[in-house]
Amino acid sequence: MGRNWYLLWGGSAISAVGDGIFLAALPLLAAQLTQDPKLIAGVSFFGALPWLLAALPAGAAADRYDGRRLLLTALWIQCALMALLATFHSAHIAFLYGMAFLIGTAENVPRAVGQPLIKATVDNHLLERANGRLFASQAVALQFAGPPLGGLLFAVAVPAPFWVNALTFAIAALLVTCMRTQRKEPPPVRPRVAEGLRWLVKHKALRTVTVVSATTNLCIAMTMATLVLFAQHRLGLTNAGFGAFLATLACGGVAGGMLAERLLRYRNTVTVTVVLIPLMWLGIATVAHDLLTVAVFAVVSSFCTAVWGVATATLRQRAVPTELLGRVSSAQTLITWGVQPIGALLGGLTADYFGLLAPWFVAVALRTAVGLICLKPLRAHFFAAALNVHLAASPEQDAAVTFPDASR
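If you're wondering where the values come from, they're calculated on a predicted model, not measured in any experiment.

Criteria and cut-off values
Residues numbered from 1 in each chain as written. Predicted model: local features only at pLDDT ≥ 70, side-chain atom pairs only at ≥ 80, totals over all residues. Heavy atoms only, no water. Phe/Tyr/Trp six-rings, centres within 6.5 Å; stacked < 30°, edge-to-face > 60°. Helix = DSSP H or I, 4+ residues; strand = E, 2+ residues; numbered from the N terminus. Buried < 20%, exposed > 50% of the residue type's maximum accessible area, 1.4 Å probe, protein only. Core = buried A, V, L, I, M, F, W, Y, C linked by side-chain atoms within 4.5 Å. Contact = heavy atoms within 4.5 Å. Axes fitted to C-alpha atoms, helices over the stretch in contact; angles between N-to-C directions. Parallel < 35°, antiparallel > 145°, perpendicular 65-115°, else oblique. Left-handed = near helix turned anticlockwise from the far one by under 90°. Nonpolar A, V, L, I, M, F, W, Y, C, P; charged D, E, K, R; others polar. Patch = residues over 30% accessible without salt bridge, like charges linked within 9 Å, V, L, I, M, F, W, Y side chains within 5 Å. Areas by Shrake-Rupley, 256 points an atom, 1.4 Å probe, with all protein chains shown as cover. Salt bridge = Lys/Arg side-chain N within 4 Å of Asp/Glu carboxyl O. Expected span 1.5 Å × (residues − 1). Bend = angle between axes of the 7 residues up to and from the residue.

Trainee: In this structure, what is going on with the packing of aromatic side chains? I would like to understand it.
Mentor: For the structure on display, the rule yields 5 aromatic pairs. Taking the centre distance of 4.9 Å and the plane angle of 25 degrees together, the rings of F46 and Y97 count as stacked. With F46 in helix 2 (residues 37–48) and Y97 in helix 6 (residues 93–121), the pair connects residues that are 51 residues apart, well separated along the chain. For F46, a relative accessible area of 29% translates into the label partly exposed. Taken together, the aromatic side chains of F45, F46 and Y97 make up a single cluster linked through ring pairs.

What follows is the structure in structure tokens.
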């Protein structure tokens, strides 16, 4: 798949390890400063808020400037911010809010340039394989390797996970430095920030996918906002145990990423993911009272999420013209990730007033309703388009090919 792809893949995987460490360490640090669910949820809110504010400008920058240089700049900025957080970790929780916001802002750039860089380094017929490997490696790093390591490092010394996270960003930056890509010439006309959003709204398949993905992320943010309290009070987990709890998500994500290329050949694959995800959340909220039972439901949920992610990423890369890919990807990010601060606030308030299980039940009801409403449009537009190599580049020309039958 080429030297540039493997360097990009390696850098992504290593930085994802740091993200996984951060994923476990940040809520643990917040829980050390306060036990108020609303204040802890505030960390998730400020960490996700930049997706609403910076996603579209990051997408315009990705379509205008050299993606490799932008990625390098973002990685070094994230490295510096992690070092700053490690140094002043014992400050007021308001400082934690500010650092979460700045780190989230810097993360918009890798997210925006990632899709164009993948498309530039991989042949079109290998996109499913590339996206599948990327999702699998990120699941291992972000959920399996990173969170337990973050919990253990936090137990050893509070600033340790943040120093290690800074190191992962530095290593990732060095790998990206070794990439040899053609320098991108700025387009003759300055990219319009909102153009990607308008293109997305016109495309039936991507518009439907965006609604389902946004609802899923909103619901996940609701449950994740107070997940550390759920793990401590309902499951009785320690700091290190919380990292292991997050790691259970990786098992399904790895399998889903590796098998997605084969599974997406079948007609009903995405339908199954749409239906199973909220059912697994319902299992966690009702019958799961120990880590093992939670792990079973979480593995199935993360498996379905990974398959869905590979399918939607491939659809986007094939459907969107290259010169618009950064802006359309960021427009989707604005919507699908921009709902996370709203979800975090709703999750914190719901847990505070109705108990730690309440966000799970609300998430199940909301995701089930939206999934069922969108199921027919998905079947009409998404299944064929996701794997059609010759998908039309115009949002007014949706592909109309027959999806392979699972019974063959």
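Moving on from the coordinates now.
Trainee: It is not clear to me how the nonpolar core should be interpreted in this structure. Could you clarify?
Mentor: Generally speaking, soluble globular proteins have nonpolar side chains that are buried together. Counting 71 residues, the largest nonpolar core has L96, F162, F242 and F245 as its most contacted members. It is helix 1 (residues 3–33) that contributes the most residues to this core, 11 residues altogether. Filtering out sequence-adjacent residues up to four positions away, F245 remains in contact with L227, F230, A231, L235, L237, L291 and V294. If you look at the next biggest cluster of nonpolar residues, it comprises 28 residues, including V212, V270, W308 and L324.

Trainee: Explain the packing of helix 2 against helix 6 to me, please; I cannot follow it from the model alone.
Mentor: Packed helix pairs are characterised by how far apart their axes lie and by the angle those axes make with each other. One way to put it is that helix 2 packs onto helix 6 with a least axis distance of 7 Å and a crossing angle of 25 degrees. For the element pair helix 2 / helix 6, the angle class is roughly parallel. At the point where helix 2 passes helix 6, the crossing takes the right-handed sense. When helix 2 is examined against helix 6, the residues L39, G42, V43, F46 and G47 are found in contact with a partner set consisting of I93, L96, Y97, A100, F101 and G104. In terms of residue class, the contact of helix 2 with helix 6 is made up of 8 nonpolar, 3 polar and no charged.

Trainee: Any chance you could explain the environment of V294 here in plain terms?
Mentor: With respect to the helices, strands and loops of the structure, V294 is situated in helix 14 (residues 291–319). Here V294 falls in the buried class, since its relative accessible area comes to 1%. In this structure the C-alpha to C-alpha distance between V294 and M280, which are 14 residues apart in sequence, comes to 9.2 Å.

Trainee: Teacher, can you tell me more about the side chain of T168 here?
Mentor: Within the secondary structure layout, T168 lies in helix 8 (residues 160–177). Judged by relative accessible area, T168 falls into the buried class, the value being 8%. Discounting chain neighbours no more than four positions away, the residues touching T168 are I14, S15 and G18.

Trainee: Help me understand the packing of helix 1 against helix 7 (residues 127–156), please; the structure alone is not making it clear to me.
Mentor: Contact pair helix 1 / helix 7: the axes reach a minimum separation of 7 Å and the direction vectors enclose 35 degrees. The hand of the helix 1/helix 7 crossing is right-handed. Looking at the contact of helix 1 with helix 7 residue by residue, the class counts come to 20 nonpolar, 8 polar and 2 charged.

Trainee: Help me understand the environment of L291, please; the structure alone is not making it clear to me.
Mentor: Structurally, L291 can be placed in helix 14. Taking the C-alpha atoms as reference points, L291 and G236, separated by 55 residues in sequence, lie 9.1 Å from one another. In this structure, L291 is in contact with L235, L237, F245 and T248, ignoring residues within four places of it in sequence.

Trainee: Before we go on, may I ask you to explain a nonpolar patch on the surface in this structure?
Mentor: There is a patch of nonpolar side chains on the surface, built from V275, L279, L282 and F361 and spanning about 310 Å² of accessible area. Summarising the element assignment, V275 is placed in helix 13 (residues 269–286).

Trainee: Help me out: how do you make sense of helix 2 in this one?
Mentor: Each α-helix turn comprises 3.6 residues. Residues three or four places apart therefore point the same way. With 12 residues, helix 2 extends 17 Å from end C-alpha to end C-alpha; this agrees with the ideal 16 Å at 1.5 Å per step. For helix 2, the complete set of buried residues consists of P37, I40, A41, G42, V43, F45 and A48. Packing partners of the buried residues in helix 2 comprise helix 1, helix 3 (50–53), helix 6, helix 11 (227–233) and helix 16 (340–354).

Trainee: Would you take a moment to explain helix 7 for this structure?
Mentor: In this model helix 7 runs 41 Å from its N-terminal to its C-terminal C-alpha over 30 residues, within 8% of the 44 Å that 1.5 Å per residue would give. Roughly 45 degrees is the biggest bend found in helix 7, and it falls at G146, with proline P147 one to four residues downstream.

Trainee: Where do I start with the side chain of S213 in this structure?
Mentor: Tracing the backbone shows S213 in helix 10 (residues 204–224). Among residues more than four places away in sequence, those in contact with S213 are W308 and T336.

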